[in-house]
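Coordinate analysis (summary)
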Amino acid sequence: MRFYDISSGKILLDGVDVKEYKKSDIRKLFGMVLQDSWLFTGTIRDNIRYGNENLTDEDIIKSAKIACAHDFISKYPQGYDTMISEDNMILSQGQKQLITIARIIASNPKFLILDEATSGVDTRTELRLQKAVSKLIKDRTSFVIAHRLSTIKNADLILVLKDGKIIEQGTHKKLMELKGFYYTMYNTQYAI
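Position numbers for residues count from 1 along each chain, tracking the sequence in the order it is written. With pLDDT at 70 or above as the cut-off, local features in this predicted model cover only qualifying residues; side-chain atom pairs require 80 or more to be listed or tallied, and sums for whole chains, interfaces and linings still use all residues. To obtain the side-chain values, all non-hydrogen atoms of the structure were included, while hydrogens and water were left out.

Some words on the environment of Thr41
As for its position among the elements, Thr41 is in the loop between strand 3 (30-34) and strand 4 (42-43). Partly exposed describes any residue whose relative accessible area lies between the buried limit of under 20% and the exposed limit of over 50%, with all areas from a 1.4 Å probe on protein chains only and scaled to the type maximum. Judged by its relative accessible area of 47%, Thr41 falls in the partly exposed class. For the pair formed by Thr41 and Met83, sequence separation is 42 residues and the distance between their alpha carbons is 7.2 Å. The contact rule is simple, with two residues in contact once any of their heavy atoms fall within 4.5 Å. The contacts of Thr41, once residues within four sequence positions are left out, are Ile84, Ser85 and Glu86. Starting at the N terminus, helices and strands are each numbered in turn, a helix being any DSSP run of H or I of at least four residues and a strand any DSSP run of E of at least two.

Observations concerning the packing of aromatic side chains
Note on ring pairs: Phe, Tyr and Trp rings are taken, using the six-membered ring of Trp, and paired if centres are within 6.5 Å. Classes follow the plane angle, with under 30 degrees stacked, over 60 edge-to-face and the rest tilted. A complete count under the given rule lists 5 aromatic pairs for this structure. With a centroid separation of 6.2 Å and 20° between ring planes, the pair formed by Tyr182 and Tyr186 is classed as stacked. Linking Tyr182 with Tyr186, this pair stays in helix 8 (residues 181-189), spanning 4 residues, or about one helical turn. You'll find Tyr182 and Tyr186 in the same group, each marked buried. These aromatic residues form a ring-pair network of at least three members: Trp38, Phe40 and Tyr50.

Points about the sheet that holds strand 3
If you trace the 3 strands from one edge of the open sheet to the other, you get 3-6-7, paired in parallel fashion. Looking at the sheet topology across the chains shown, the edges are occupied by strand 3 and strand 7 (141-145). Averaged over neighbouring strand pairs, the angle between their axes works out to 10° when direction is ignored. Strand pairing is assigned whenever DSSP detects at least two bridges linking the two strands. Here strand 6 (residues 111-115) pairs with strand 7 via 5 bridges, running parallel. Bridging across to strand 7, Leu112 finds its partner in Ser142. Here helix 6 (residues 123-137) sits on the sheet and contacts strand 3, strand 6 and strand 7; the angle it forms with strand 6, its principal contact strand, is near 155°. Note on geometry: axes are C-alpha line fits, over the in-contact stretch for helices, and angles between N-to-C directions span 0 to 180 degrees.

A short note on the layout of surface pockets
Using only the protein atoms, space was sampled on a 1 Å grid; points where a 1.4 Å probe fits but cannot get out form cavities, open sets with protein on both sides within 12 Å along at least five of seven lines form pockets, and lining residues are those with an atom within 4 Å of a point. Grid points are joined across faces, edges and corners, and a volume is the space filled by probe spheres set on the points. Of the pockets and cavities examined, the largest pocket occupies roughly 1,600 Å³. Lining the largest pocket are 46 residues, and of these Ser142, Phe143, Val144, Ile145 and Leu159 lie nearest its centre. Elements that contribute at least two residues to the lining of the largest pocket include exactly strand 1 (12-13), strand 6, helix 6, strand 7, strand 8 (158-162) and helix 8. Of all the elements, strand 7 adds the most residues to the lining of the largest pocket, at 5 residues.

Re the environment of Gln169
For Gln169, the location among the structural elements is in strand 9 (residues 165-170). You can call Gln169 partly exposed: its relative accessible area is 43%. Placed 149 residues apart in sequence, Gln169 and Glu20 show a C-alpha to C-alpha distance of 30 Å. The contacts of Gln169, once residues within four sequence positions are left out, are Leu157, Ile158, Leu159, Lys174 and Leu175.

Some details on helix 5 (residues 93-107)
Helices are assigned an expected span. That span is 1.5 Å times one less than the residue count. The end-to-end C-alpha distance of helix 5, which contains 15 residues, comes to 21 Å, matching closely the 21 Å that a straight helix rising 1.5 Å per residue would cover. One or two positions beyond helix 5, positive phi appears at Asn108, with a value near 50°.

What about the packing of helix 5 against helix 6?
Packed helices, taken two at a time, are described by their axes: the angle between them and the distance between them. The interhelical angle for the contact between helix 5 and helix 6, taken along N-to-C directions, is 10°, at an axis separation of 10 Å. It follows from the interaxial angle that helix 5 and helix 6 lie roughly parallel. From helix 5, Gly94, Gln97, Leu98, Ile101, Ile104 and Ile105 reach across to helix 6, where they touch Thr125, Arg128, Leu129, Ala132, Val133 and Leu136. Here the nonpolar group is Ala, Val, Leu, Ile, Met, Phe, Trp, Tyr, Cys and Pro; Asp, Glu, Lys and Arg are the charged ones; every other residue, Gly included, is treated as polar. Residue composition of the contact of helix 5 with helix 6, grouped by class: 8 nonpolar, 3 polar and 1 charged. Any angle that falls under 35 degrees is termed roughly parallel, while one over 145 is termed roughly antiparallel, one within 65 to 115 roughly perpendicular, and all others oblique.

See the structure below:
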């Protein structure tokens, strides 16, 4: 997203060096869901609409439904008009991440960056987040950074990093067949 420029090599998007894009244009191409979700003081509706002022209420509700956030939002007396703030959040970490995912769904970016999007939440919420994430990444290029391997199990390509270097790559099935580092990590997380 060009928060900083690389010192060597190139990053190409559709064959074009990212340095040839204006930063504002390249940032419109990406949506990010981070471990620490960022919400601002305002209504839940405004937080989903952020950066997309032309969204209708129907668009916002549709995005929240896809993100698995509509049900808990609807339970608040003010629903989508419920006020939230940076310091006095009434939302759990998982709910904040679901609202962030609804925001990204509403913006419909070409590329996604999901950095530990399901970390720090309980198992039940993780399942809802994974369902929302699977809808979010469908039919778009996505970079998913995760320690919880269930998050990336269905990826087209998994890069396994250790000490800053790629040590294995492939599909989940291929990496499991290798019985290497990924295999060990996966079995450690899901040992019965």
